[in-house]
Amino acid sequence: MLKLWQILRLLWRAHPFAMWRGALLAVLVLLMGAALLGLSGWFITATGMAGVAGVGIAFDVFRPSAGVRGLALGRAAARYGERLLTHDATLRALAALRVTLLERLERFPVADLRRLRGASALTRITADVDALDGVVLRLALPVAAALLTHLAVFFGLWALTSHAIALSVAAGYMMGGGVVLWRVARATLGLSARAEEASQDLRRRAIGLFRGRREAILQGVLPSWRAGLDRVEDEARYAMDQLDRIDTGAGQALSAIVTLAAAGVFALAGWLVAESDLDPARAAIGVFVALALGETLLPLRRGMAEIGRMRDAAGRVLAEPPGEAPLAPARATAVTEAHAEMLLTLRHLSLARPGWSRLLLHDLSFGLRVGETLALRGASGLGKSTLLDVIAGLEPVTAGEITLLDRPLATWPDRELREVLTLVPQRAALVSGTVLENLALARPGLTEAEALEALEAVQLAQTVAERGGLGSPLGEGGAGLSGGQARRLVLARALLRRPKLLLLDEPTEGLDTDMARQVIAGTRKFLPDAAIITASHRAAELEAADQVIDLKSYIPES
């Protein structure tokens with residue numbers, strides 16, 4: 001439950017003023033509901049008693065009836081405001097939580113982040129964040145509002161009716177309702193988590209079946225895939241049915257507690273009226289308030305039933321990176337003319353793919369000067385992409401040393417390293433938005449002139465103009481552009497950072513030879529002083545390089 005408390009603190013701190021407003025209105029709604037029924041019960045009983053006593057004509061009906069109308073209208077307005085403010089605050093807090101989640105993911109190893117690219121992993125993250133809105137809306141606020149309302153009602157009944165009535169109402173709700181809600185939370189703790197996991201498994205399998213349906217048909221395995229999907233659906237449905245049965249039973253038990261509490265108070269009030277000086281009108285307040293407090297109890301069962309789901313989601317959202325090491329406190333040295341000669345140096349470098357024990361490359365050494373271009377050549381799987389990740393500081397060095405600007409790469413703080421170095425991987429992402437918004441990710445406050453200059457460098461300015469200019473929209477993941485166009489837009493975004501070292505992983509893949517040569521030439525013209533490393537086997541990139549290293553020569557002997 002510690003994770004739930006941490007999530008609640010994160011959500012509350014995101015917009016505390018909005019949260020407090022919603023919490024106060026939630027309490028006000030419950031108090032006004034109890035006051036409305038209590039006043040109505042007193043008014044009806046007092047009016048009847050005045051009529052029996054023959055003094056009905058002298059009884060003041062205007063102020064109590066005005067109070068009833070005021071409470072009814074005020075409660076409706078407070079309920080509307082409570083719904084509006086609590087949902088607004090929660091949505092704002094969830095937006096802030098997404099930023100917190102991204103900040104945490106930023107510290108994860110690149111290999112772990114790349115595994116999150118799949119649709120199932122992204123769906124899992126989205127479902128976890130969505131599940132956490134219940135921490136505020138269905139758990140924290142309702143429980144806190146219920147407790148505060150019962151506390152206020154206890155003192156109110158003690159003052160207006162009798163301490164015996166106040167104690168009986170508190171005991172009936174706190175003991176009876178508390179036991180039922182505790183049993184619901186205990187029964188559903190693991191079940192709600194299993195139901196969520198089964199739903200996620202069903203979603204993953206459905207996505208896999210949809211994407212692989214053609215291969216499944218060709219291989220003749222579609223019936224077995226469908227049968228597996230049906231089994232998972234049955235498991236998810238069974239878990240949800242179990243939760244529904246528990247929820248229904250809890251609702252019936254809580255309704256019975258409300259009825260028993262009201263009946264007990266009614267009997268106690270009748271005895272007090274007969275045996276003490278408590279008048280019937282004030283005794284009726286206790287009976288009607290006991291009925292009104294059912295509103296504090298019944299909504300809590302849903303939040304209790306989802307504690308397991310929320311707990312697991314909180315654990316995943318708050319997960320720390322495995323083996324996280326603190327950043328070096330030292331600051332990167334400024335680039336001076338003394339450093340400008342040799343920008344990057346690799347000495348006796350050996351590396352392995354993450355999680356592998358076999359070396360990909362062994363004893364690789366080279367140096368790269370300012371303004372030079374180096375091409376890494378090799379067949380697929382030799383380690384070109386892994387080498388770029390290592391140079392970019394995204395993966396550890398197995399053996400050897402990398403020096404950037406006369407300083408060991410491992411001592412660079414990440415933020416300052418990204419100011420000097422930019423990597424464009426094979427699968428760089430575009431976001432839903434305009435072309436200019438995608439480019440501005442590299443430089444906030446980007447002007448249209450700067451954006452067009454970068455697009456000209458990658459031979460994309462005319463294409464963007466034909467689409468409607470920099471304000472033309474792109475779909476999710478850059479939908480609306482071809483693969484080659486999307487790759488060039490990502491390259492233009494990297495150029496706008498104006499790095500001193502640019503790492504490109506197959507930057508012209510999908511382009512014809514002439515276009516590839518123009519893009520390479522435009523990149524060099526845009527960044528005349530940058531050192532560039534490309535990983536490719538294409539002739540256009542090899543021809544433009546000052547150095548070419550064939551990684552095949554550095555494969556260790558088996």
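Once a new chain begins, its residue numbering starts again from 1 and follows that chain's sequence as written. In keeping with the model being predicted, local features are shown solely for residues with a pLDDT of at least 70 and side-chain atom pairs are shown and tallied solely at 80 or more, while totals for entire chains, interfaces and linings include all residues. Each side-chain value is worked out from all heavy atoms of the structure, with water and hydrogens disregarded.

With respect to the overall build of the chain
Let me state the cut-off plainly: In DSSP terms, a helix is any run of H or I states spanning at least four residues, a strand is any run of E spanning at least two, and both are numbered starting from the N terminus. Only C-alpha atoms enter the radius of gyration, while the globule expectation follows 2.2 Å times N to the 0.38, with N the number of residues. For every residue, the accessible area (1.4 Å probe, protein chains only) is compared with the maximum for its type, and the residue is labelled buried under 20%, exposed over 50%, or partly exposed between those bounds. The accessible surface values rely on the Shrake-Rupley method and a 1.4 Å probe; as for residues, cover is taken only from the protein chains in view. In this charge count, Lys and Arg are treated as positive and Asp and Glu as negative; neither His nor the chain ends contribute. Here the site of a charge means atom NZ of a Lys, CZ of an Arg, CG of an Asp or CD of a Glu.
Scanning the chain for helices and strands turns up 21 helices and 11 strands. Against the 2.2 N^0.38 benchmark of 24 Å for 558 residues, the chain shows a C-alpha radius of gyration of 34 Å, more extended than a compact globule. By principal-axis analysis of the C-alpha atoms, the chain measures approximately 110 × 55 × 50 Å. Out of the 558 residues belonging to the chain, those deemed buried represent 44%. Surface exposure of the chain reaches about 28,600 Å², of which carbon and sulfur atoms provide 60%. Placing the 61 positive and 57 negative side-chain charges of the chain at their respective mean positions leaves the two points 4 Å apart.

Some points on the sheet that holds strand S11 (residues 547-550)
Selection criterion: A pair of strands counts as paired when DSSP detects no fewer than two bridges linking them. Orientation is described by axes fitted as lines to C-alpha atoms, over the contacting stretch for helices, and by angles from 0 to 180 degrees between their N-to-C directions. Residue contacts are counted whenever heavy atoms from the two residues lie within 4.5 Å of one another.
Ordered by their spatial adjacency, 5 strands build an open sheet running S6-S9-S10-S3-S11, and the pairing between neighbours is parallel. Only two strands of the sheet have a single neighbouring strand rather than two, namely strand S6 (421-424) and S11. With direction set aside, neighbouring strand axes in the sheet form an average angle of 15 degrees. In this fold helix H19 (residues 483-495) packs onto S6 and strand S9 (501-505), with an angle of close to 170 degrees to the strand it touches most, S9.

Description of a nonpolar patch on the surface
We count it as follows: Nonpolar side chains (Val, Leu, Ile, Met, Phe, Trp, Tyr) within 5 Å and like charges within 9 Å form the patches, drawn only from residues with over 30% relative accessible area and no salt bridge. Counted as salt bridges are all cases of a side-chain nitrogen of Lys or Arg within 4 Å of a carboxyl oxygen of Asp or Glu.
On the surface, Leu147, Met174 and Met175 cluster together into a nonpolar patch covering about 320 Å² of accessible area. Here Met175 lies in helix H7 (residues 163-211).

Some words on unusual backbone geometry
Working note: non-glycine residues mostly have negative phi, and peptide bonds are mostly trans. Phi at Arg498 is positive, roughly 45 degrees, even though this residue is not glycine. Tracing the chain through its elements places Arg498 in the loop between H19 and S9. Among the residues examined, Arg498 registers a relative accessible area of 39% and is labelled partly exposed. Its identity as a non-glycine residue notwithstanding, Glu506 has a phi of 50 degrees, on the positive side. Examined against the element boundaries, Glu506 turns out to sit in the loop between S9 and helix H20 (513-526). The exposure class assigned to Glu506 is buried, which follows from its relative accessible area of 13%.

Some thoughts on the sheet that holds strand S5 (residues 407-408)
Strand order in the open sheet formed by 4 strands is S2-S1-S4-S5, and the pairing between neighbours is antiparallel. Each having just a single partner strand, strand S2 (361-369) and S5 make up the two edges of the open sheet.

Focus: the packing of aromatic side chains
Put simply, the rule is: Within 6.5 Å between ring centres, the rings of Phe, Tyr and Trp (the latter by its six-membered ring) count as paired, and their orientation is classed by plane angle as stacked under 30 degrees, edge-to-face over 60, tilted in between.
Applying the stated rule across the entire model yields 2 aromatic pairs. Judged by centre distance (5.5 Å) and plane angle (75 degrees), the ring pair of Phe154 and Phe155 falls under edge-to-face. Where Phe154 meets Trp158, the ring centres are 5.6 Å apart and the plane angle is 55 degrees; that geometry is what we call tilted. Here the residue Phe154 and the residue Trp158 both occupy positions in helix H6 (residues 133-160), the gap between them amounting to 4 residues, near one helical turn. Linked through ring pairs, Phe154, Phe155 and Trp158 together constitute an aromatic cluster.

Details of the packing of helix H2 (residues 16-53) against helix H10 (residues 280-292)
Rules: Take the far helix as your reference; a near helix turned counterclockwise from it by less than a right angle gives a left-handed crossing, and one turned clockwise gives a right-handed crossing. Following the grouping adopted for this structure description, the nonpolar residues are Ala, Val, Leu, Ile, Met, Phe, Trp, Tyr, Cys and Pro, the charged ones are Asp, Glu, Lys and Arg, and the polar ones are all others, Gly among them.
Packing of H2 against H10 brings their axes to within 7 Å, and their N-to-C directions diverge by 145 degrees. Here the hand of the crossing between H2 and H10 comes out right-handed. Every residue of H10 that contacts H2 at Gly33, Ala34, Leu37, Gly38, Gly41, Trp42, Thr45, Ala46 and Met49 is listed here: Pro280, Ala281, Arg282, Ala284, Ile285, Phe288, Val289, Leu291 and Ala292. Residues that form the contact of H2 with H10 fall into these classes: 13 nonpolar, 4 polar and 1 charged.

Notes on the pairing of strand S4 (residues 399-404)
When a strand is regular, its side chains alternate between the sheet's two faces. Where strand S1 (residues 342-351) lies against S4, 5 bridges are found, and the strand directions are antiparallel. Looking at S4, one finds that Leu346 is bridged to Ile402. In terms of strand pairing, S4 meets S5 through 2 bridges, oriented antiparallel. The residue bridging Leu404 from the neighbouring strand is Arg407, located in S5. Hairpin connection of S4 to S5: 2 residues between the antiparallel strands, including Leu405 at a positive phi of 55 degrees.

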